[in-house]
Structure formats: C-alpha cells, structure tokens
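Secondary and tertiary structure notes
If you want the building blocks of each chain, they are given just below.
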Amino acid sequence: MIMNNSNQRGLFRCLSMLDKLGYYPISANNDRLLYASIKDSLEQMGKSYSGALIRNMCSLYGLSENELFSNYDLFKKMLYTILGEGEANGIIASIKKELLARAILNGSSLTIREMTNPSLSIEDILESIDSAQTLRIIATISPHEHVLFLYDSEDTKEKILSTFFQSNRITCTTCLLSLKPSRRVLATNSITYDKLYEERRLAKFLTKPLEADLAKKWSYWRIKLGLSNNLSNEKPAKVADEDLTYWIDKDLTSELIELEHFIGRHPVGNISVLCGFNISKLADEDLSRVIEDLISCHGHVIIAGKTFRIYSADPTKVEVPKGKLQGEHS
C-alpha cells in the first residue's frame, strides 16, 4: 500500500501520541524467528567457524548473542564490517531463505510473486510477520476489549473488519455500523450511520449528554444491532464501528469522545468493540485535536499502514495465540 505524505505524517503523529499516552507495542514473534534463522544460517558455515565469528561480533559492542541476533540492522552492519561485502551477501541470502520459510509457517500473507521478487528484503519479511501476528490477535480478541484501528485505505479497513468477524456466527453475534451496506464484510447484523443518525436524531439527543443519556444511547445501539439486553444471557458479541470520522463530520466530536469514554477500555458484558478511524479524511490540525482523546478511550490501538502493528495500554491483557512456533528458539 502506498501512502501519501499527509497520511504518513498522520500515522507518525499517532505513533507519537501512543508513546505519550503510555501504550506499548505488542512484541511480535519475529525476534525469535530472526534469531533461529541467523543461527541456522551461520552454523551452515561450520560450528567452529560460526562460533568464532559470533564471539568476535559480540565482543565488538559487548552484546550477548541474543541481543545481536535480535537487532537485524546492527547485525547486518557488523557482518559487512567483519567479512566484507561478498561473504556477507552470501550469509544474508541464506538468512533470507531461512526466515522466509519460517514466515510462511507462521501465517505470513506474502504472495508467490512477492516471495520470488529479488528485491524482497529481510526487513519486508519481518514486517509481514508483524502483520500476521496482529491479524491473529484481531481474530481472537477476547470479550471486554475496546480496540481502535487507524487506517488510510478501504482495502486495509476491509481486511481488518473481515479478520475481526472471522468467528463462527453460530456461537458469536457480529454487528457492523458502516457508511454504506457492505457485501464484502459479513456481519450477523448491520446498520448504516445515516440510518442510525436519522432515526435517533443524534445531534439533538447527544447535546451535553449526562451519563444516563450515554447509557441509554449505548444500550440503544446494542439493541438496534440485535444484541440482547440481558448481559448475563447473551452469547459473545463482536461490534465494529467502521469509521468514527462520520460523527466528527456531523459536528458531534465532543459527544463521540464522551460516548467512547463511557464504553471504556473494557466494555461491560460479553462483548468486544472495534472502532475504525480513517486518518486520510482529516486535516492535520483536526487529527491532532481528536486523536489523542480517542486513543485514550481504547485498551488497544492498531496502526494499519504498510505494516499492521498493535499497541496496548496494558500489554499483559493481550492474549497472543499460543502454540509452538516453527524455528522458535528456546
């Protein structure tokens, strides 16, 4: 996906906001996969030779083997410095081959065309592993989670929403609030923003709302999307709000923020909520005005640019899908 400069600035600004607000990136599996790929590639040269090379590289900066192999940029720089371009290029090619095999086994979405492209770099492969793990987290996100995803293209938005709604519709109610009816993103229940806005006259309904009004609004939205009023009896539900900028365009920014805060980082009930925010629709000053408040309402935030990465206000809350990884170093 190619981003224009305005969108890139918007995403960088969002990253700065996440850092300021104390959100942490959820570590991907790529450190372990990179470690195993480098280790295996060097050992193909012979254990005695590779052992001497590793000791030499580690001693230059006082690093452990794990620290060296987990920082690819530094490893590559040192490899070229010690061995020279010719021999280093051969090792880099071997690492790329090893890492690519592990990436495929761990859900990378790289296409055959991309994998066979000589310009595909190790950095590209690591980014694909990042994205694959983020999508696994989205698909398996637990109830009581309120997640914000920041995107700048329709394709990206549909990929995130489709992944979120992968659950079995027999055991999980899925609900979508969208700009227009969607055939590509399937949900058990759906409604458009315009219809909801017109039916409830939100501009009037949410003027200076009290907490009780917000409770009614949240309850109404859930009922409208076909969810049960009885939290103790309802089956798991996933609710997605496609693009929060709709409410900003309707001059309901403060009302939107209050409602998002009311929902909270961890919604009550057997429900998870995914909120989309299209940063390409806003001018820089508008983005700065709104995005910090919106981020703070959510327990997790996904940056969906060229690579998908997930950040959390409480990293211990994120349940990364478990299972022994191919090539994982123990």
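What comes next concerns the included structure. As the structure is a computational prediction, the values presented were derived from the model and not from experiment.

For the rest of this paragraph, the subject is the overall build of the protein. Scanning the protein for helices and strands turns up 15 helices and eight strands. Put simply, of all contacts in the protein between residues at least 6 apart along the chain, 74% involve residues at least 24 apart. Looking at the protein as shown, the accessible area adds up to about 16200 Å², and 51% of this sits on carbon and sulfur atoms.

If you walk through the whole model with that rule in mind, you get nine salt bridges. The partner of Lys39 in a salt bridge is Glu65, and the shortest N-O contact between them spans 2.9 Å. Note that Lys39 is positioned in helix α2 (residues 30-43) and Glu65 in helix α4 (residues 65-69), a separation of 26 residues in sequence. By relative accessible area, Glu65 is classed as partly exposed at 24%. A salt bridge links Lys157 to Glu154; its shortest N-O distance comes to 2.7 Å.

On to empty space enclosed by the protein, then. In this structure the tally under the stated criterion is three cavities of 30 Å³ or more. In terms of lining, the second largest cavity is formed by Ile138, Ile141, Val147, Phe164, Leu274, Ile302 and Ile310.

With that settled, consider the nonpolar core. Membership of the largest hydrophobic core comes to 36 residues, with the highest contact counts inside it found for Leu148, Leu150, Trp247 and Phe277. With five residues, helix α15 (residues 284-296) is the largest single contributor of residues to this core. Membership of the second largest hydrophobic core comes to 31 residues, among which are Tyr35, Leu79, Ala103 and Met115.

Glancing now at α15. Helix length check: α15, at 13 residues, gives a terminal C-alpha distance of 19 Å against a target of 18 Å (1.5 Å per residue), a fit within 8%. Maximal helix bending in α15 amounts to about 30 degrees, located at Val290. Listed in full, the buried residues belonging to α15 are Leu287, Val290, Ile291, Leu294 and Ile295.

Between its first and last C-alpha atoms helix α5 (residues 72-83) spans 16 Å; for 12 residues at 1.5 Å apiece the expected length is 16 Å, and the two agree. Those residues of α5 not exposed but buried are Tyr72, Leu74, Phe75, Met78, Leu79 and Leu83. On an axial view of α5, the arc spanned by its buried residues comes to 155 degrees, and they lie on one face. Exposed residues lying more than 90 degrees from the buried face of α5 are Asp73, Lys77 and Thr81. Residues of α5 that are buried make contact with α2, α3 (47-61), α4, α6 (85-105) and α8 (122-139).

Below, the discussion takes up the packing of aromatic side chains. For the structure shown, the criterion picks out seven aromatic pairs. Considering the side-chain rings of Phe69 and Phe75, the 5.8 Å spacing of their centres and the 90 degrees angle between planes classify their relative orientation as edge-to-face. Pair check on accessibility: Phe69 and Phe75 agree, each one buried. Taken together, the ring pairs in this structure connect Tyr35, Phe69 and Phe75 into an aromatic cluster. The ring of Phe164 has Lys238 lying over it, and the distance from NZ or CZ to the ring centre is 5.2 Å.

The subject of this paragraph is the pairing of strand β7 (residues 300-304). Of all five residues making up β7, five are buried, and the element is well covered by its neighbours. Bridge count between β7 and strand β8 (residues 308-312): five bridges; the pairing is antiparallel. Bridged to Val301 within β8 is Tyr311. Adjacent in sequence and paired antiparallel, β7 and β8 are bridged by three residues.

With that settled, the discussion passes to the pairing of strand β6 (residues 271-278). Most of β6 is tucked away: eight of the eight residues are buried. Taking every second residue as pointing to the same face, both faces of β6 are buried, with Ile271, Val273, Cys275 and Phe277 on one and Ser272, Leu274, Gly276 and Asn278 on the other. Relative to β6, strand β2 (residues 146-151) runs parallel, the two being bridged by six bridges. In the sheet register, Tyr151 faces β6, and the bridge partner there is Asn278. The pairing of strand β5 (residues 237-241) with β6 spans five bridges and is classified as parallel.

About the cut-offs
Residues numbered from 1 in each chain as written. Predicted model: local features only at pLDDT ≥ 70, side-chain atom pairs only at ≥ 80, totals over all residues. Heavy atoms only, no water. Helix = DSSP H or I, 4+ residues; strand = E, 2+ residues; numbered from the N terminus. Contact = heavy atoms within 4.5 Å. Areas by Shrake-Rupley, 256 points an atom, 1.4 Å probe, with all protein chains shown as cover. Salt bridge = Lys/Arg side-chain N within 4 Å of Asp/Glu carboxyl O. Buried < 20%, exposed > 50% of the residue type's maximum accessible area, 1.4 Å probe, protein only. 1 Å grid on protein atoms, 1.4 Å probe; cavity = no way out; pocket = protein on both sides within 12 Å on 5 of 7 lines; lining within 4 Å. Points joined across faces, edges and corners; volume = space filled by probe spheres on them. Core = buried A, V, L, I, M, F, W, Y, C linked by side-chain atoms within 4.5 Å. Expected span 1.5 Å × (residues − 1). Bend = angle between axes of the 7 residues up to and from the residue. Arc of directions from axis to C-beta. Phe/Tyr/Trp six-rings, centres within 6.5 Å; stacked < 30°, edge-to-face > 60°. Lys NZ or Arg CZ within 6 Å of the ring centre and 35° of its normal. Pairing = 2+ DSSP bridges.

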